[in-house]
2 protein chains.
Amino acid sequence: MTVVLSIPGNEDHATKLGARLATAVITPEVRWFPDGEIYVRIAEDLRGHDAVIVGSLYPAPAEKFLMASFLAATVRDLGAQRVGLVAPYLAFMRQDVQFKPGEGVTSKYFGALVSGAVDWMVTVDPHLHRRAALEEIYTIPTRIAHSASEIAKWVAAEVERPVLVGPDAESVQWVRAVAEACGAPYVILEKTRRGDRDVSITAPQREAIEGKTPVLIDDIVSTGKTMVEATRQLVAAGSSPPMCIAIHAVFADDVHAELTAAGAAGIVTCNTIVHPSNRICVADPIADAAKQLLAR
Amino acid sequence: MTVVLSIPGNEDHATKLGARLATAVITPEVRWFPDGEIYVRIAEDLRGHDAVIVGSLYPAPAEKFLMASFLAATVRDLGAQRVGLVAPYLAFMRQDVQFKPGEGVTSKYFGALVSGAVDWMVTVDPHLHRRAALEEIYTIPTRIAHSASEIAKWVAAEVERPVLVGPDAESVQWVRAVAEACGAPYVILEKTRRGDRDVSITAPQREAIEGKTPVLIDDIVSTGKTMVEATRQLVAAGSSPPMCIAIHAVFADDVHAELTAAGAAGIVTCNTIVHPSNRICVADPIADAAKQLLAR
């Protein structure tokens with residue numbers, strides 16, 4: 001038997017995964033003591049069960065990790081055999097190498113913590129830039145659920161004559177996959193990053209966007225500066241208002257207002273992080289990836 | 001060679017410990033990305049060094065743990081041999097058994113995480129109630145730095161005809177040690193806890209407090225409800241305004257105003273958690289405990 005448990009705020013993910021795995025879904029009791037410490041309780045007998053803890057590690061990634069870790073240890077104390085983590089958004093993937101001497105490679109350290117807490121992990125399109133695969137960072141079995149098929153369905157249904165646009169070289173992995181899945185062309189711009197909130201992006205070739213609706217795709221929209229600057233370049237090159245799609249709606253700043261001001265038609269996101277902009281459901285690829293690891 | 005590194009906000013602890021160990025003190029670069037992820041950098045060559053990371057795991061205990069863990073991994077990547085953690089206040093000591101079926105025993109889980117992150121640990125008077133020793137929770141070598149000698153010096157210097165008062169049976173460990181160190185009598189009250197912010201406490205015997213200044217001592221003041229209720233009982237029994245002492249200034253609520261309203265003369269704390277009420281420095285017992293583990 002398998003049971004699905006949610007980290008607070010991820011009840012919808014848990015319900016959708018439970019339905020696709022045809023398993024029981026448990027909402028653990030998680031609360032805070034007045035001093036900010038976490039209390040967890042799961043009033044179930046889990047002897048012999050496989051447990052799947054579901055929750056994006058955002059916002060408050062440190063606290064979300066500790067919740068996942070405490071829930072995993074609790075289900076083990078209650079008799080569960082294997083414990084998996086389904087983190088639709090995986091935190092601490094950003095710092096994957098030393099850019100300056102002495103920098104902590106936090107993606108590696110965080111990977112070791114998660115690998116010590118659970119037996120396997122599923123995540124949606126993690127921020128793999130300078131690392132080729134999660135196996136370089138995580139020592140437990142992992143599977144990546146890809147959002148491209150679901151994004152392609154949304155683009156095919158909602159956008160006329162789309163041309164997919166990647167704002168930087170790193171985005172080619174998502175943009176190409178979506179373009180192929182919906183039979184549309186794509187173009188990749190070039191980005192230079194000078195700081196957390198300071199980027200410049202090249203203009204697209206006019207002929208690549210003429211008579212089409214540009215669909216900007218990036219994996220994470222945090223400050224939104226990349227998406228805003230790419231929108232500005234597209235509009236300046238004479239494109240119709242671009243539609244923006246992000247896989248992970250981190251939205252650290254007020255991205256929506258800035259994007260609208262820059263001339264975007266709108267922004268939609270996958271539902272890895274709960275946000276009003278969620279339009280694209282990735283529950284199917286998540287469930288497929290989880291099934292593979294549960295069957296091992 | 002040994003180096004001392006501070007978790008942000010604990011620079012004073014690091015300076016005092018570095019002075020007592022006659023070692024270099026390093027302030028690591030720790031900052032947040034816009035999405036709340038943590039960045040750490042230590043621009044030093046630490047090959048062959050012993051490293052001591054200093055920081056109370058409060059406020060934001062989950063984030064403080066992750067900072068300590070990332071700093072420990074970074075100093076190891078920089079060549080450090082052994083890494084110790086000096087956490088003047090140790091979080092997640094509260095939930096040390098299951099009170100109800102299915103509760104996560106978070107002190108055990110957190111102990112396993114810390115034991116995986118560093119090689120040894122020092123803390124000041126941890127909240128050991130139902131566990132007799134840190135060794136039941138932590139698998140790494142640990143030492144407890146006791147604040148009693150420093151509290152006793154403060155009481156002897158500042159309070160005339162003191163009688164030490166413990167608000168509940170659990171406080172006897174700190175209260176007796178302080179009373180013996182300053183040659184004063186002590187009395188222990190009885191507490192019933194009905195919730196995070198709901199306690200009742202028995203009145204003291206009038207003869208135990210007559211003609212004396214009560215000095216209430218507890219290890220943690222969080223909501224302050226225990227200290228406030230004990231103050232009320234003392235005042236109702238005819239005592240002069242009690243002086244309140246807490247080892248760890250958690251202060252989740254506005255304790256000072258409530259204590260004053262209840263009739264307390266004031267509240268002073270040890271400097272394990274930085275707070276305006278800090279009057280009693282525990283740097284000497286911390287350094288003595290760290291020296292024992294560094295010498296192993």
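No experiment lies behind these values; they were computed from the predicted model shown.

**Re the sheet that holds strand β2 (residues 24-26) of chain B**
Residue and element names in this part refer to chain B.
For step 1, the next point in the chain: Read from one edge of the open sheet, six strands run β2-β1-β5-β6-β7-β8, paired in parallel fashion. What marks the edges here is a single partner per strand, and that holds for β2 and β8 (142-145). On average, each strand axis in the sheet is inclined to that of its neighbour by 20 degrees, with strand direction left out of account.
For step 2, the next point in the chain: Relative to β2, strand β1 (residues 2-6) runs parallel, the two sharing three bridges. In the sheet register, Val3 faces β2, and the bridge partner there is Ala24.
For step 3, the next point in the chain: Contacting β1, β5 (50-54), β6 (83-87), β7 (120-124) and β8, helix α9 (residues 283-294) runs over the sheet at an angle of about 165 degrees to β7.

**Considerations on the pattern of salt bridges**
For step 1, the next point in the chain: In total, this model carries 34 salt bridges over all chains according to the counting rule given.
For step 2, the next point in the chain: Asp77 of chain B is the partner of Lys108 of chain A in a salt bridge, and the nearest nitrogen-oxygen pair spans 3.1 Å. Taken together, the residues Lys108 of chain A in helix α3 (residues 106-117) and Asp77 of chain B in helix α2 (residues 61-77) connect one chain to another.
For step 3, the next point in the chain: By relative accessible area, which is 37% here, Lys108 of chain A ends up partly exposed.
For step 4, the next point in the chain: Assessed through its relative accessible area of 41%, Asp77 of chain B is described here as partly exposed.
For step 5, the next point in the chain: Note that Arg232 of chain B is salt-bridged to Glu229 of chain B, the shortest N-O span being 3.2 Å. Here Arg232 of chain B and its partner Glu229 of chain B are both found in helix α7 (residues 225-236), three residues apart, which amounts to about one turn of the helix.

**So, the packing of aromatic side chains**
For step 1, the next point in the chain: The tally for this structure, following the rule as stated, stands at 12 aromatic pairs over all chains.
For step 2, the next point in the chain: Seen in terms of ring centroids, Phe33 of chain A and Tyr39 of chain A are 6.0 Å apart; in terms of plane orientation they differ by 90 degrees. Their pairing is edge-to-face.
For step 3, the next point in the chain: Members of the aromatic cluster, connected to one another through ring pairs, are Phe65, Phe92, Tyr109 and Phe110 of chain A together with Phe70 of chain B.
For step 4, the next point in the chain: Over the ring of Phe33 of chain B we find Arg94 of chain A; its NZ or CZ atom is 4.3 Å from the centre of that ring.

**Focus on the domain arrangement of chain A**
All names here are of chain A.
For step 1, the next point in the chain: Along its sequence, chain A is carved into domain 1 (2-146 + 282-294) and domain 2 (148-271).
For step 2, the next point in the chain: Each of domain 1 and domain 2 has a C-alpha centre, and these two points are 29 Å apart.
For step 3, the next point in the chain: In this assembly, domain 1 packs against domain 2 so that about 1,300 Å² is buried in total across both faces, 53% of it on carbon and sulfur atoms.
For step 4, the next point in the chain: Summed over the three residues of domain 1 that lose the most area to domain 2, namely Tyr89, Asp125 and Val282, the buried surface amounts to 36% of that side.
For step 5, the next point in the chain: Applying the counting criterion to the domain 1 and domain 2 interface returns zero salt bridges.
For step 6, the next point in the chain: Per-class residue counts for the side of domain 1 that touches domain 2 are eight nonpolar, four polar and three charged.

**Here's the deal with the relation of the copies chain B and chain A**
For step 1, the next point in the chain: Between chain B and chain A, the superposition needs a rotation of 180 degrees and an axial shift of 0.0 Å, giving an RMSD of 0.0 Å. Such values leave the two copies arranged in the relation of a two-fold axis. For chain B, the minimum C-alpha distance to the rotation axis belongs to Ala62 of chain B and amounts to 2.8 Å.
For step 2, the next point in the chain: Here 100% of the interface residues in chain B have copies in chain A that are interface residues too; the copies meet face to matching face.

**Overview of the interface of chain B and chain A**
For step 1, the next point in the chain: At the junction of the two partners, chain B supplies 45 residues and chain A supplies 45 residues.
For step 2, the next point in the chain: In this assembly, chain B packs against chain A so that about 3,900 Å² is buried in total across both faces, 59% of it on carbon and sulfur atoms.
For step 3, the next point in the chain: On inspection of chain B and its partner chain A, the count reaches eight salt bridges.
For step 4, the next point in the chain: Arg94 of chain A is the partner of Glu37 of chain B in a salt bridge, and the nearest nitrogen-oxygen pair spans 4.0 Å.

**What to know about the packing of helix α4 (residues 148-158) of chain A against helix α5 (residues 172-182) of chain A**
Residue and element names in this part refer to chain A.
For step 1, the next point in the chain: In the contact formed by α4 and α5, the axes pass within 8 Å of each other and the chain directions differ by 55 degrees. Between α4 and α5, the angle falls in the class oblique. The two elements α4 and α5 meet at a crossing, and its hand is right-handed. Across the interface between the two elements, Ala148, Ile151, Ala152, Val155 and Ala156 from α4 touch Ala177, Val178, Ala181 and Cys182 from α5.

**Section: the sheet that holds strand β9 (residues 162-166) of chain A**
Residues and elements named next belong to chain A.
For step 1, the next point in the chain: The sheet built from six strands is open, its strands ordered β10-β9-β13-β14-β15-β16 with parallel pairing. Edge strands, defined here as strands with exactly one partner in the open sheet, are β10 (186-188) and β16 (278-280). If you compare each strand with its neighbour and ignore which way they point, the axes differ by 35 degrees on average.
For step 2, the next point in the chain: Across four bridges, strand β14 (residues 243-249) lies against strand β15 (residues 266-270) in parallel orientation.

**Description of the environment of Pro214 of chain B**
For step 1, the next point in the chain: If you trace the backbone, Pro214 of chain B turns up in strand β13 (residues 213-221).
For step 2, the next point in the chain: Distance from Pro214 of chain B to Ser239 of chain B, taken between C-alpha atoms, is 7.3 Å for residues 25 residues apart in sequence.

**Looking at the confidence of the model for chain A**
For step 1, the next point in the chain: Scored by pLDDT, chain A has a mean of 95; 100% of the residues are at 70 or more.
For step 2, the next point in the chain: Predicted as a complex, the structure gets a pTM of 0.96 and an ipTM equal to 0.95.

**Digging into the state of the cysteines**
For step 1, the next point in the chain: Using the criterion set out here, one finds zero disulfides over all chains in the structure.
For step 2, the next point in the chain: Cys270 of chain B carries a free sulfur, and the closest cysteine sulfur to it, the one in Cys281 of chain B, is 9.1 Å from it.

**Structural notes on unusual backbone geometry**
Apart from glycine, the bulk of residues carry a negative phi angle, and the bulk of peptide bonds sit in the trans form.
All names here are of chain A.
For step 1, the next point in the chain: In this structure, Pro59 follows Tyr58 across a cis peptide bond, with omega equal to -10 degrees.
For step 2, the next point in the chain: Structurally, the position occupied by Pro59 is in the loop between β5 (50-54) and α2 (61-77).
For step 3, the next point in the chain: Positioned with a positive phi, Asp125 is a non-glycine residue whose angle comes to about 30 degrees.
For step 4, the next point in the chain: With respect to the helices and strands, the residue Asp125 is situated in the loop between β7 (120-124) and β8 (142-145).

Quick notes on the rules
- Residues numbered from 1 in each chain as written.
- Chains lettered and ligands numbered in written order.
- Predicted model: local features only at pLDDT ≥ 70, side-chain atom pairs only at ≥ 80, totals over all residues.
- Heavy atoms only, no water.
- Pairing = 2+ DSSP bridges.
- Helix = DSSP H or I, 4+ residues; strand = E, 2+ residues; numbered from the N terminus.
- Axes fitted to C-alpha atoms, helices over the stretch in contact; angles between N-to-C directions.
- Contact = heavy atoms within 4.5 Å.
- Salt bridge = Lys/Arg side-chain N within 4 Å of Asp/Glu carboxyl O.
- Buried < 20%, exposed > 50% of the residue type's maximum accessible area, 1.4 Å probe, protein only.
- Phe/Tyr/Trp six-rings, centres within 6.5 Å; stacked < 30°, edge-to-face > 60°.
- Lys NZ or Arg CZ within 6 Å of the ring centre and 35° of its normal.
- Domains from an automatic or database assignment.
- Buried area = accessible area lost by both parts, 1.4 Å probe.
- Nonpolar A, V, L, I, M, F, W, Y, C, P; charged D, E, K, R; others polar.
- Least-squares fit on C-alpha atoms with pLDDT ≥ 70 in both.
- Parallel < 35°, antiparallel > 145°, perpendicular 65-115°, else oblique.
- Left-handed = near helix turned anticlockwise from the far one by under 90°.
- pLDDT = per-residue confidence, 0-100.
- Disulfide = S-S within 2.5 Å.

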